[in-house]
Amino acid sequence: MSDDLNWYEIREIDEIDSPSLVVYKDRILSNLGTMTGMAGSPDRLMPHVKTHKMEMIIKLHLSLGIRNFKCATIAEAEMTGAAGGENVLIALQPVGPKFGRLVNLIRKFPSVNYSVIIDNPGTVKLLDAKMSEAGARIGVYIDVNTGMNRTGIAPGEEARELVLLCSSLKQVVFLGFHAYDGHNTLTDLNERKALCTRDFKAVYELLAWSEETLGRKLNLVSGGTPTFPIHAKMSDTICSPGTTVLWDAASRDRFPDLSFEYAAVLITRVVSVVGRNLICLDLGHKAIAAETPLPRVRFLNHPEAIPVSQSEEHLVVRVPEVGNYQPGDVFYGIPWHICPTCALYPEVIVAEDHHWIDNWAVTARNRFISV
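The present account deals with the structure reproduced in this document. (Residues numbered from 1 in each chain as written. Predicted model: local features only at pLDDT ≥ 70, side-chain atom pairs only at ≥ 80, totals over all residues. Heavy atoms only, no water.)

Tallying secondary structure elements over the protein gives 10 helices and 16 strands in all. Here the C-alpha atoms of the protein give a radius of gyration of 22 Å, agreeing with the 21 Å that 2.2 N^0.38 yields for 371 residues. For the protein, the proportion of its 371 residues judged to be buried stands at 53%. Of all intrachain contacts in the protein linking residues separated by at least 6 positions in sequence, the fraction that spans at least 24 positions is 69%. About 15,700 Å² of surface is accessible on the protein, with carbon and sulfur atoms providing 51% of the total. Measuring between centres, the 36 positive side-chain charges of the protein sit 6 Å from its 43 negative side-chain charges. (Helix = DSSP H or I, 4+ residues; strand = E, 2+ residues; numbered from the N terminus. Rg over C-alpha atoms; globule rule 2.2 N^0.38 Å. Buried < 20%, exposed > 50% of the residue type's maximum accessible area, 1.4 Å probe, protein only. Contact = heavy atoms within 4.5 Å. Areas by Shrake-Rupley, 256 points an atom, 1.4 Å probe, with all protein chains shown as cover. Lys, Arg positive; Asp, Glu negative; His and termini not counted. Charge placed at Lys NZ, Arg CZ, Asp CG, Glu CD.)

Of the pockets and cavities examined, the largest pocket occupies roughly 1,100 Å³. Around the largest pocket, the lining comprises 48 residues; the ones closest to its centre are His48, Lys50, Arg150, Tyr180 and His337. Among the secondary structure elements, those contributing two or more residues to the lining of the largest pocket are helix 3 (74-83), strand 5 (138-145), strand 6 (172-180), helix 9 (249-254) and helix 10 (338-342). Along the lines of polarity and charge, the residues of the lining of the largest pocket split into 17 nonpolar, 19 polar and 12 charged. If you add up the space inside the second largest pocket, you get close to 190 Å³. Ile106, Arg107, Phe109, Pro110, Val112, Asn113, Tyr114, Arg137, Ile138, Gly139, Val173 and Leu175 together form the lining of the second largest pocket. Where the lining of the second largest pocket is concerned, the elements lending two or more residues are helix 4 (98-108), strand 4 (113-118), strand 5 and strand 6. (1 Å grid on protein atoms, 1.4 Å probe; cavity = no way out; pocket = protein on both sides within 12 Å on 5 of 7 lines; lining within 4 Å. Points joined across faces, edges and corners; volume = space filled by probe spheres on them. Nonpolar A, V, L, I, M, F, W, Y, C, P; charged D, E, K, R; others polar.)

Let's shift gears to the sheet that holds strand 7 (residues 219-222). Taken in spatial order, the seven strands make up an open sheet running 2-3-4-5-6-7-8, and their pairing is parallel. In the strand order of this sheet, the two ends are held by strand 2 (68-71) and strand 8 (238-239), each with one partner. Looking at chain direction, strand 2 and strand 3 (residues 87-90) are connected through four bridges and run parallel. What sits directly across from Phe69, in strand 3, is Val88. This element, helix 5 (residues 121-134), spans strand 4, strand 5 and strand 6 of the sheet and lies at about 150° to strand 4. (Pairing = 2+ DSSP bridges. Axes fitted to C-alpha atoms, helices over the stretch in contact; angles between N-to-C directions.)

Another point: the nonpolar core. Counting 113 residues, the largest nonpolar core has Ile28, Leu127, Ile142, Phe177 and Leu246 as its most contacted members. The residues touching Phe177, leaving out its near neighbours within four places in the chain, are Tyr141, Ile142, Val144, Val163, Leu206, Leu207, Ser210, Leu218, Asn219, Leu220 and Val221. In terms of nonpolar packing, the next biggest core, distinct from the first, is built from six residues, Met46, Ile117, Tyr141 and Val221 among them. (Core = buried A, V, L, I, M, F, W, Y, C linked by side-chain atoms within 4.5 Å.)

On to the side chain of Thr73. The residue Thr73 is located in the loop between strand 2 and helix 3 in this model. Every residue in contact with Thr73, bar those within four places of it in the chain, is listed here: Ile90 and Arg367.

Right, let's talk about the packing of aromatic side chains for a bit. Taken as a whole and assessed by the stated rule, the structure comprises eight aromatic pairs. Seen in terms of ring centroids, Trp7 and Tyr24 are 5.1 Å apart; in terms of plane orientation they differ by 75°. Their pairing is edge-to-face. Of this pair, Trp7 sits in the segment before strand 1 (20-24) while Tyr24 sits in strand 1, and the two are 17 residues apart along the sequence. By the burial criterion, Trp7 is buried, and Tyr24 matches it. Ring geometry for Tyr325 versus Phe331: centroids 6.2 Å apart, planes at 40°, classification tilted. Both residues of the pair, Tyr325 and Phe331, count as buried. Through a chain of ring-to-ring contacts, three or more aromatic side chains come together here, namely Trp7, Tyr8, Tyr24 and Tyr332. Above the ring of Trp7, the side-chain terminus of Arg27 is found at 3.6 Å from the ring centroid. One residue, Arg252, lies across the ring of Tyr262, its end atom 4.0 Å from the ring centre. (Phe/Tyr/Trp six-rings, centres within 6.5 Å; stacked < 30°, edge-to-face > 60°. Lys NZ or Arg CZ within 6 Å of the ring centre and 35° of its normal.)

Rendered as structure tokens:
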């Protein structure tokens, strides 16, 4: 961590409206360096862009040799292609109009290797037919359910049949397996590792059978942030952490074994002094992810302030004595969950060495860009 205790302070703070989201360029680069060091090589990383949704952060990845990216939406995949990403996996099975959008995406960025996940015969057959009609090809990863029970096929006989089917089709290229274990969030690293080892035993058996049957090497894209330190030690795995690039309060509390730096901070101000122990900030639901219970934010320069209620534009916090605060006072806060918080801002302030140096668009907060 930085030795600068007030690293988050910005000298141009009086010019920055609130609420705003600030990202710290040097800390992003530090986190990317830590990610690469843990993985051993940038080629073993496929970071998830859903955390930040910013083209300029993709370019910071590229500056360190990271070329593979994972997305959740077609808009994120379009943004990543525009930024120069080479291999882009959309980790959400296509349905409905998304087949047509995939065709348009491939046509717009013919030099990008796009791929998607699938978990059933019907979808991959339809995907193959749509690609055939368009004269296009696309990579596919079989999505394996490791116990989260959100998406994916169980790593058994049906999965083996799906491997054979994917390998027989003409317009899809079977690349390997995608296995996300987002349910594994145990704080103790040894307990997390034990659960991960248990859940992935059948996945590795499926991978070995598939490689032997098909006679070629396949990819395995595994995990997210909590199990990143575990999958990083598995030599044949491509790791896809997301939160690591910006970090947040939830990750800091839950995973003390991960030494990433806060690289995104909320700026909010006191708008009212309510009573003896209450003040109000301009940090409502529309300015910070609200899917978890309060507190939702941790204040760096006012750790004594505890959120007690929130509405669309207001956050009421309890403080020891309101005499220490007045309207206009600036609070710097770390969101509990950074990924959906980023999606609330059309652009972010960029800071470096205590100065406001730029603004970056949060391009893929939109569900649709051009395709």
